[in-house]
Amino acid sequence: MVEPEERPSVAGQRLGAPESMGISTLEPGQRPPSMPPGRQISIHVQMLDDTQEVFEVSQRAPGKALYDLVCAHLNLIEGDYFGLEFQDNHKMTVWLDLLKPIIKQIRRPKNTILRFVVKFFLPDHSQLLEELTRYLFALQIKQDLACGRLTCNDSSAALLVSHIVQSEIGDFEEVQCKQHLLNNKYIPDQDTLMDKIMEYHRKHGGQTPAESDYQLLEIARRLEMYGVRLHPAKDREGTKLSLAVAHSGVLVFQGHTRINAFNWSKVRKLSFKRKRFLIKLRPDLNQSNCQDTLEFMMGSRNCCKVFWKICVEYHAFFRLFEEPKPKPKQVLLTRGSSFRFSGRTQRQVIDYVKDSEFKKVPFERKHSKIQSISGLSPFPNKHCAEGQGERNTIASGHQMDSPLGRTQVTVENSSHQRYTGSLTSHTNRCRNGTQDEGDARTKSSPSKQQAEHLSTGPDTSSPQHGESPPVATVMVNGQKQTLSLSQSPDGRQPSPLTSPLLTDTSFVRTDDEDERFPTDKAYFIAKELLTTERTYLKDLEVITVCFQKYVGKDEVMPDSLSNLIFANFEPVYKFHESFLKDVEQRLAQWEGRSNAHIKGDYQRVGDIMLKNIQGLKLLTAHLQKHSEALLELEKTCRSSRKLEGLCRDFELQKVCYLPLNIFFLRPLHRLLHYKQILERLCKHYSPTHDDFRDSRAALADISEMVVQLQGTLIKMENFQKLLELKKDLIGIDNLAVPGREFIRLGCLSKLSGKGLQQRMFFLFNDVLMYTSRGMMPSNQFKVHGQLSLYGMTIHESEDEWGVPHSFTLIGLRQSVVVAASSASEMEKWLEDIKMAIELADKCNDPSSEILSSSFTDSKCPDESSADQESEDDLSASQTSLERQAPHRGNTTVHVCWHRNTSVSMVDFSVALENQLSGNLLRKFKNSNGWQKLWVVFTNFSLFFYKTHQDEYPLASLPLLGYSITIPSESENIHKDYVFKLHFKSHVYYFRSESEYTFERWMEVIRSATCSSSHIRSFSRKDVY
């Protein structure tokens, strides 16, 4: 071998970076592994971008020491997908064993060049959580194309190259593109396909390098030769074949055509004896003459051993939950190989990245003129740059798959005040247009995208509304950059919880600032009425003021629909405006902040409730029209694309912090709030209390209204939920068909030939649909199949399949095996599915008409058919991305996906009906001060405002998956009325003002974090 040239750079750099960033990817408190003593040797490693690095290691060091150095040099967190390969003494390409000493594997290190390449090819690249990892995978695909290892038809090859060119030179310019293709060879027959490549490149306008990587991997993963490394062999008849291993099992090829596959579930044992490679299969009960042992002849024993080792590693990486433990050494006789898989399994890698927090580290794309920063989402939304369409809400949660990194920033404003905190990069626009703030390691994946947890810097002062934004000096990897505080380092709106607006000293609460309130429980019940009424009036303003103004400027809404909506909402809004003033005045008198001399006459609220509920009864006709308005709006949107787009754009406005349809149901939900408040008031009062009689009369009146409108509310809640789910699903035409009821949605693992795969299931009263996370920027879920509930049977199958919490659904035409994440989740699904089956059987109708009319394709969109999409269709599928809806990144469906849980329709109803508002003091796990915030609970989330006068929330925290407890003594809180919210490593403390408010917050948050019992019957006859 020739002596390698002088290395172009030193270890410690990103790919092609001019100098070391000096940023460690080790967890806090960890240090790099100490190198064992011994003579230092230089190892040359060729990276995927064709650069060479030299690493100094001890000759006694195991292979893992060198591999860790390479990953640290790249700042690569998901390094377990890669490996180091080299040619051994027999000129065979082998993988570096991480457990053996390097000197025993590489005899002549000076003359050996190791190659850092992809070792484990994933079937679904959305499981890669870092942009850097996907970039390295894309480089591997680029290499495989160039050397002819990844073969495909001309259409797919041209499409693949067009995405590579887009990532390297940006948007299409004919002269530049043609010259670039002449100077760079990506595929063997590139000249003949140049026109087709340029035609595809023209369609990728505005696509970032990260998006191009994503699309490249999406196309490549469907090709038959994706990730295939052929090992020559012969069968018993001497026919020349090739063996390969993949995530699903062992593959057999003849040329470049796959002729057989042995799934891991069918393989009992893999072994080799001299030149013979043996595959022992599990007996097939359906075939009596099935051969249970297959034999292949390979070139030598070493060839057999090399292939056997990679099979062992692939099986362990994709099929096991954790790294296999080493076998105890035999004292006397040993038999067989001691080789075992070393490292994290895929499941461990995903959990490790999700549960850990890392800093975002910029990296350079060597061949690209467009630089990128690791951690940025590959799918930025065009609305992100529009100031009016911006949302400052943060969808908080665990790195659902997608946090972004933080950049240290120092801000100086006109008052010479300094702010030190972290600006967080903007991510994909979610359904509400909210910003997802996060840490650097999981936001980069479009399929794993998820809302991050709230984080702020120290409490400091901030500019007021209307002032010009302060100027920030940002240190990005040692280089100063200047930007407005209204921008993040990438030029977009910063995450609101990291801006001074939420770290203002004006609402940092100190211990000696406690306000004094009346101690009577009735006062706090009345105060809950006041706080929730303020929120309710703001919700009505969304329709009567904001929505009316928004649709009025374009005049696309028909006059009949406009009158139906606003003529029935404005009287309700004006009534509650007056009601709120009455309640505010009464509370001021109760607290002694007025000139009232006789306080006792004002320590009551039942009289005000009675008077206003009697007035509210006169508006019943308007309340009944609200459901009609919602139906008419949906009907008009179906016929008017312009109005549909206008409503969709309005949902991206800051003020529309919930789906627009939910605001139409707010007046009906408010009746339930009044009823709950009055029930608590009557329960608290004794029959002799002055306020008891009025409170009981008001309760009787509101109960009468609730009974009158309850049927409408149940019907419209179901209809609204179907409309909302329709936005999250693709592959179905009309979800809201007459007679369909939503029951439950959530994550289950579906057992297939590829093993357990995460799927999102949607249970209705007639059908069970299963979907996967869509491969498009809108983050929708693609419907893969449906099971009619008519005639379905269900039984637990944990013992049969050896999978915890698994059960089998046996339909008339199809059966599936699924597994829940826990025993409690399995119990919820079993209960709801059994109930739905009973409802379907009572109808005596297999619902074939509904199913066939609902799906865009009358055939069952089975998962296998989806995976076997022809290569010719790939190019056509890309153009559909341009027509997708805006990003939907933090809807309840996505929160369930990322936190692997489920919710039922009962849970949705309770979360909307148990609304609560008020001031809370919030404290982070490692902070000292308490921040006073106006907090609103609704729709499974906490929404945070600075004050109740704010027009829109500054941040939000989805609560699904969180636990609510009381802090222990070891946490050193030492305050009264404090509750704790925690999910994995994310911890928040909230402090309320009284025992009553503390109990109320605990009650309503538990309703969102714990599934409710089936308090409602789903056998409703009056359903839309």
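Residues numbered from 1 in each chain as written. Predicted model: local features only at pLDDT ≥ 70, side-chain atom pairs only at ≥ 80, totals over all residues. Heavy atoms only, no water.

1. Section: the overall build of the protein
Then comes step 1: For the protein, the helix and strand inventory stands at 24 helices and 35 strands.
Then comes step 2: Sequence-distant contacts in the protein: of pairs separated by 6 or more residues, those separated by 24 or more amount to 68%. (Helix = DSSP H or I, 4+ residues; strand = E, 2+ residues; numbered from the N terminus. Contact = heavy atoms within 4.5 Å.)

2. Here we look at the sheet that holds strand E2 (residues 52-58)
Then comes step 1: Across the sheet, five strands lie side by side as E2-E1-E5-E3-E4; this open sheet has mixed pairing. Two strands in the sheet have a free side with no partner beyond their single neighbour: E2 and strand E4 (93-95). Across the sheet, the mean angle from the axis of one strand to that of its neighbour is 35°, orientation sign disregarded.
Then comes step 2: Note: strand E3 (residues 82-87) against strand E5 (residues 113-118), four bridges, orientation antiparallel. Bridged to Glu85 within E5 is Arg115.
Then comes step 3: Strands in contact with helix H3 (residues 131-146) are E3 and E5; relative to E5, the strand with the most contacts, it is inclined by about 110°. (Pairing = 2+ DSSP bridges. Axes fitted to C-alpha atoms, helices over the stretch in contact; angles between N-to-C directions.)

3. Concerning helix H13 (residues 620-639)
Then comes step 1: Taking 1.5 Å of rise per residue, the 20 residues of H13 would be expected to cover 28 Å, and the 30 Å separating its terminal C-alpha atoms lies within 8% of that figure.
Then comes step 2: In this structure, the buried residues of H13 make contact with helix H11 (559-590), helix H12 (606-617), helix H14 (641-650), helix H15 (660-684) and helix H16 (692-728). (Expected span 1.5 Å × (residues − 1).)

4. Comments concerning the nonpolar core
Then comes step 1: Ile565, Leu633, Leu745, Leu942 and Trp1001 are the most contacted members of the largest nonpolar core, which has 131 residues in total.
Then comes step 2: Ranked by the residues each element gives to this core, the list is headed by helix H10 (residues 521-552), at 15 residues.
Then comes step 3: Filtering out sequence-adjacent residues up to four positions away, Leu745 remains in contact with Leu725, Met760, Phe761, Phe762, Trp829, Val893, Cys896, Ser902, Val903 and Phe908. (Core = buried A, V, L, I, M, F, W, Y, C linked by side-chain atoms within 4.5 Å. Buried < 20%, exposed > 50% of the residue type's maximum accessible area, 1.4 Å probe, protein only.)

5. Some points on the packing of aromatic side chains
Then comes step 1: The tally for this structure, following the rule as stated, stands at 35 aromatic pairs.
Then comes step 2: The interplanar angle of 90° and the centroid separation of 5.0 Å between the aromatic rings of Phe317 and Phe318 together place this pair among those described as edge-to-face. Phe318 matches Phe317 in its accessibility class, with the two residues each being buried.
Then comes step 3: Seen from their ring centres, Phe924 and Tyr988 are 5.8 Å apart, and the 65° between their planes marks the pair as edge-to-face. Here the residue Phe924 occupies a position in strand E29 (residues 916-924), and Tyr988 occupies one in strand E35 (residues 986-991), the gap between them amounting to 64 residues.
Then comes step 4: For Phe924, a relative accessible area of 13% puts it in the buried group.
Then comes step 5: On the accessibility criterion, Tyr988 (2% relative accessible area) is buried. (Phe/Tyr/Trp six-rings, centres within 6.5 Å; stacked < 30°, edge-to-face > 60°.)

6. Notes on the packing of H13 against H16
Then comes step 1: For the pair H13 and H16, the least separation of the axes is 11 Å and the interaxial angle reads 20°. Compared by their axis directions, H13 and H16 come out roughly parallel. In this structure, the crossing between H13 and H16 has a hand that is left-handed. Contact residues: Thr620, Leu623, Gln624, Ser627, Leu630, Leu631 and Glu634 in H13; Met705, Gln708, Leu709, Thr712, Met716, Phe719, Leu723 and Lys726 in H16.
Then comes step 2: Among the residues making up the contact of H13 with H16, the classes are represented as eight nonpolar, five polar and two charged. (Parallel < 35°, antiparallel > 145°, perpendicular 65-115°, else oblique. Left-handed = near helix turned anticlockwise from the far one by under 90°. Nonpolar A, V, L, I, M, F, W, Y, C, P; charged D, E, K, R; others polar.)

7. Describing the pairing of strand E10 (residues 267-273)
Then comes step 1: As paired elements, E10 and strand E11 (residues 276-281) share six bridges and run antiparallel to each other. Each bridged residue has a counterpart across the sheet, and for Lys269 the counterpart in E11 is Lys280.
Then comes step 2: Between the end of E10 and the start of E11, which pair antiparallel, lie two residues, with Arg274 showing a positive phi angle near 55°.

8. Details of the pairing of strand E34 (residues 978-983)
Then comes step 1: Of all six residues in E34, five are buried, a share of seventy percent or more.
Then comes step 2: Bridge analysis of strand E33 (residues 963-965) against E34 gives three bridges, and the strand direction is antiparallel. Bridging from a neighbouring strand, Ile964 pairs with Leu981 of E34.
Then comes step 3: Where E34 meets E35, six bridges bridge the pair, whose relative direction is antiparallel. Bridge pairing links Val978 to Arg991 in E35.

9. Topic: helix H6 (residues 194-202)
Then comes step 1: Residues of H6 that are buried: Met194, Ile197, Met198, Tyr200 and His201. Down the axis of H6, the buried side of the element spans an arc of 160°, and every buried residue falls inside it. Exposed side chains of H6 directed beyond 90 degrees from the buried face belong to Asp195 and Arg202. (Arc of directions from axis to C-beta.)

10. What about the sheet that holds strand E7 (residues 240-246)?
To summarise the sheet geometry, strands pair through backbone hydrogen bonds and adopt either a parallel or an antiparallel arrangement.
Then comes step 1: The seven strands lie next to each other as E9-E8-E7-E6-E12-E11-E10, forming an open sheet whose pairing is antiparallel. This sheet does not close on itself; its edge strands, each paired only once, are strand E9 (257-263) and E10. Adjacent strand axes in the sheet meet at a mean angle of 35°, parallel and antiparallel pairs treated alike.

11. What about the side chain of Gln780?
Then comes step 1: By the element assignment, Gln780 lies in the loop between strand E23 (767-773) and strand E24 (781-788).
Then comes step 2: Engagement of the side chain of Gln780 in a polar contact is seen with the backbone oxygen of Lys727, the distance being 2.9 Å. (Polar contact = N/O pair within 3.5 Å; in protein donor to acceptor, adjacent residues only side chain to side chain.)

12. Considering the environment of Leu839
Then comes step 1: In this structure, Leu839 sits in helix H18 (residues 823-843).
Then comes step 2: Here the alpha-carbon distance between Leu839 and Tyr790, two residues 49 residues apart in the chain, equals 8.7 Å.

13. Things to note about the environment of Ser271
Then comes step 1: With respect to the element layout, Ser271 can be found in strand E10.
Then comes step 2: On a C-alpha basis, the gap between Ser271 and Lys309 in space is 9.7 Å, while along the polypeptide they are 38 residues apart.

14. Here's the deal with the pattern of salt bridges
Then comes step 1: Enumeration over the complete set of coordinates arrives at 38 salt bridges.
Then comes step 2: Put simply, Arg1000 and Glu528 hold a salt bridge, and the shortest N to O gap is 2.9 Å. Placement of Arg1000 in helix H24 (residues 995-1009) and of Glu528 in helix H10 is noted, with a sequence separation of 472 residues between them.
Then comes step 3: For Arg1000, a relative accessible area of 5% corresponds to the buried category.
Then comes step 4: Taking relative accessible area as the criterion, Glu528 reaches 6% and is therefore assigned buried. (Salt bridge = Lys/Arg side-chain N within 4 Å of Asp/Glu carboxyl O.)

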